[in-house]
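Close look at the chain arrangement
Take a look at the letters that make up each chain.
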Amino acid sequence: MEVSKLEEKPVEVKKVVTKNLDKNTVNAASEIATKEANEAAMKSIPKTAAGFEKDFNQLKKDSSNVYQYLRKIPTKTFESLYKSAEIEAHVFSGLLSAITEHGLSSKDGAKHAGEFLASMSKASSFDMTLMFLEDQEKKSINSIITLAKKQTDKATVKILDDVYGSL
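The notes below deal with the structure included here. The model shown is predicted, which means the values in this text are computed figures rather than measured ones. (Residues numbered from 1 in each chain as written. Predicted model: local features only at pLDDT ≥ 70, side-chain atom pairs only at ≥ 80, totals over all residues. Heavy atoms only, no water.)

A few words on the packing of aromatic side chains. Summed over all chains, the structure comprises six aromatic pairs. With a centroid separation of 5.3 Å and 85° between ring planes, the pair formed by Phe-52 and Phe-78 is classed as edge-to-face. Residue Phe-52 is located in helix α2 (residues 49-59), and its partner Phe-78 is located in helix α4 (residues 75-81); the two are separated by 26 residues in the primary sequence. Considered together, Phe-52 and Phe-78 belong to a single accessibility category, that of buried residues. Site record: aromatic cluster; members linked through ring pairs are Phe-52, Tyr-69, Phe-78, Tyr-82 and Phe-116. (Phe/Tyr/Trp six-rings, centres within 6.5 Å; stacked < 30°, edge-to-face > 60°. Helix = DSSP H or I, 4+ residues; strand = E, 2+ residues; numbered from the N terminus. Buried < 20%, exposed > 50% of the residue type's maximum accessible area, 1.4 Å probe, protein only.)

Okay, structure coming up:
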């Protein structure tokens, strides 16, 4: 009997040499990527609550970026985003912080802040979100409302009083 032999060719293994990157190169690349992601987030208007929270998480290291982002989004959009979704306490807290820090220095900013609070009060299970607020967040809400009442219409003031009056 004859047995055929299969000739085996030696498998050539390529050595892959990885380049070790120094810390400065990695940091520079990280900064560029973060800057590009921030720019993309700032240009977008979210279509879902998850999209908003993704953008918020991208921008939250700089409260001025968060505030600028909030100003671009119509308050009616917030109502539609969170009509059937609950706003997480840490997201609401971050938004309050950005508004308090950057949005109360002008009449227009105070008006927007009041309208924003009124819109967010229509979120699903918002009463639960309010239950998890800490004292500093309650102080922020009260200072926003105090300034906003001077700038907004009576309907908004009524919503603010009804929802946040017990804080």
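A few words now on a nonpolar patch on the surface. Together, Met-128, Met-131 and Phe-132 make up an exposed nonpolar region whose accessible area comes to about 350 Å². By secondary structure assignment, the location of Met-128 is in helix α7 (residues 126-131). (Patch = residues over 30% accessible without salt bridge, like charges linked within 9 Å, V, L, I, M, F, W, Y side chains within 5 Å. Areas by Shrake-Rupley, 256 points an atom, 1.4 Å probe, with all protein chains shown as cover. Salt bridge = Lys/Arg side-chain N within 4 Å of Asp/Glu carboxyl O.)

Our next topic: the nonpolar core. Core analysis: the largest hydrophobic core is formed by 37 residues, its most contacted members being Phe-52, Ile-87, Phe-92, Leu-95, Leu-117, Ile-141 and Tyr-164. When residues of this core are assigned to their parent elements, the largest contribution, six residues, is made by helix α5 (residues 89-102). Other than its neighbours up to four places away in sequence, Ile-87 contacts Tyr-82, Phe-92, Leu-95, Met-120, Ala-123, Phe-126 and Thr-129. (Core = buried A, V, L, I, M, F, W, Y, C linked by side-chain atoms within 4.5 Å. Contact = heavy atoms within 4.5 Å.)

So, on to α2. Working note: α-helix, 3.6 residues per turn, so residues spaced by three or four point in the same direction. Burial in α2 covers these residues: Ala-49, Phe-52, Glu-53, Asp-55, Phe-56 and Leu-59. Buried residues of α2 fall within an arc of 160° about the axis and therefore sit on the same side. Seen from the open side of α2, the exposed residues pointing more than 90 degrees away from its buried face are Ala-50 and Lys-54. Looking at the packing, one finds that the buried side of α2 touches α1 (23-43), α3 (63-72), α4 and α5. (Arc of directions from axis to C-beta.)

Let us look at the packing of α5 against helix α6 (residues 107-120). When two helices pack together, their arrangement is given by the angle between the helix axes and by the axis-to-axis distance. For the pair α5 and α6, interaxial distance at closest approach is 11 Å and the crossing angle is 165°. Between α5 and α6, the angle is such that the two are roughly antiparallel. Every pair of crossing elements has a handedness; the one defined by α5 and α6 is left-handed. Packed against α5, whose contacting residues are Phe-92, Leu-95, Leu-96 and Ile-99, the element α6 presents Ala-113, Phe-116, Leu-117 and Met-120 at the interface. Its residues placed into classes, the contact of α5 with α6 shows eight nonpolar, no polar and no charged. (Axes fitted to C-alpha atoms, helices over the stretch in contact; angles between N-to-C directions. Parallel < 35°, antiparallel > 145°, perpendicular 65-115°, else oblique. Left-handed = near helix turned anticlockwise from the far one by under 90°. Nonpolar A, V, L, I, M, F, W, Y, C, P; charged D, E, K, R; others polar.)

Let us now look at the side chain of Thr-75. Mapped onto the elements, Thr-75 comes out in helix α4. Assessed through its relative accessible area of 17%, Thr-75 is described here as buried. Setting aside anything within four residues of it in sequence, one finds Thr-75 in contact with His-112, Glu-115, Phe-116 and Ser-119.

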